[in-house]
Amino acid sequence: KIYSQKLFPNEVFNPYFINIYFPKKEFFSFDAAYLLIPSTTITLLLFLAFVCIIIVLIYQKKLSKTKNDFINNLTHELKTPISSISLAAQLMRDNSFEKTPQMLQRISNILTEETKRLSFQVEKVLQLSALDKEKLPMDFKSIEVNNIIRTIVDNFSLRIESCQGKLLTYFDANNSFAMIDELHFTNVIYNLIDNALKYRNSNRNLIVKVKTWNKGKWLYISVEDNGIGIRKNELKFVFDRFYRATTGNLHDIKGFGLGLSYVKKIISIHQGSIAVESEFGIGTKFTIVIPIILNK
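What counts and how
Residues numbered from 1 in each chain as written. Predicted model: local features only at pLDDT ≥ 70, side-chain atom pairs only at ≥ 80, totals over all residues. Heavy atoms only, no water. Helix = DSSP H or I, 4+ residues; strand = E, 2+ residues; numbered from the N terminus. Core = buried A, V, L, I, M, F, W, Y, C linked by side-chain atoms within 4.5 Å. Buried < 20%, exposed > 50% of the residue type's maximum accessible area, 1.4 Å probe, protein only. Contact = heavy atoms within 4.5 Å. Pairing = 2+ DSSP bridges. Axes fitted to C-alpha atoms, helices over the stretch in contact; angles between N-to-C directions.

Notes on unusual backbone geometry
Turning to step 1, where the next piece is worked out: The residue Gln164 is not glycine, and still its phi comes out positive at about 55°.
Turning to step 2, where the next piece is worked out: Turning to its location among the elements, Gln164 is positioned in the loop between α4 (145-162) and β4 (166-171).
Turning to step 3, where the next piece is worked out: Positive phi, normally seen in glycine, also occurs at Gln271, with a value near 60°.
Turning to step 4, where the next piece is worked out: By secondary structure assignment, the location of Gln271 is in the loop between α6 (260-269) and β8 (273-279).

Some points on the nonpolar core
Turning to step 1, where the next piece is worked out: Grouped together as the largest cluster of nonpolar side chains are 41 residues, with contacts concentrated most on Val145, Leu192, Ile193 and Ile288.
Turning to step 2, where the next piece is worked out: When contributions to this core are tallied by element, the ones reaching two or more residues are α4, β5 (177-181), α5 (182-198), β6 (207-215), β7 (218-225), α6, β8 and β9 (283-291).
Turning to step 3, where the next piece is worked out: At eight residues, the largest contribution of residues to this core is made by α5.
Turning to step 4, where the next piece is worked out: With near-sequence residues (within four places) excluded, Ile288 lies in contact with Val188, Ile189, Leu192, Leu219, Tyr220, Ile221, Ile267, Ser273 and Ile274.

Description of the sheet that holds β7
Turning to step 1, where the next piece is worked out: The strand order β4-β6-β7-β9-β8 describes an open sheet built from five strands, whose pairing is mixed. What marks the edges here is a single partner per strand, and that holds for β4 and β8. For this sheet, the mean angle separating the axes of adjacent strands, direction not counted, is 15°.
Turning to step 2, where the next piece is worked out: Running at roughly 145° to β8, α6 makes contact with β8 and β9 of the sheet.

Here it is, written out as structure tokens:
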């Protein structure tokens, strides 16, 4: 490219121009750009280091929150059997009513089952770290789910009755045999019923309905309550890890269970699914679907 400039701007008849060109301009520009490469590289490295630091800080913050939530959930989970054992012990000391053999047997069963559940929780603490790594050890056995639910319902009956509530059961499933891990599946049902008790509506008596039924090769289990419910815009988040709906984020009803993320994970491992239906102020219904053993 030639650069042209008029020497004498006021000269009209015989203008003179000076023309200049640079035959090696491309090489000069390349040499100048080459000097920018080290500084540009250093700048990019600094930027990448800054981004990595931000990512690490965010990850560390998430780990800290996860640790705190885990401790809270673990504490609440251990409180569930402890509260049942405490209530049974109070009934044993209460002399205001006659302790019939049937009542003593019932209290004894509750103490036995809740002690067993407490030992389950201690064992599960050792296994929980493997949950995120998809290496959670499972002991699948052919078990009749109706019997497990009956035991859980019996253990919860005293707590619900003490709140002037009712726990209704409908065992409509003709075949409830499934390959399940008793420990974790029991925790799932415990968690759902405990949520119903925990998030009850103080303006009316609690009613919890537990139902089982068959459809094809599947076993359906539903836990329905008339509690405070969940807002529609929060339903899609209830199974997220450590997510707490704003309606339940109250200091006096902290969570006792492992959380719905744990429930969904365990049901998924059982080759099943879980869905939730809820209306704020009306109640909530969780429905579990797992495969049955067809030859039972």
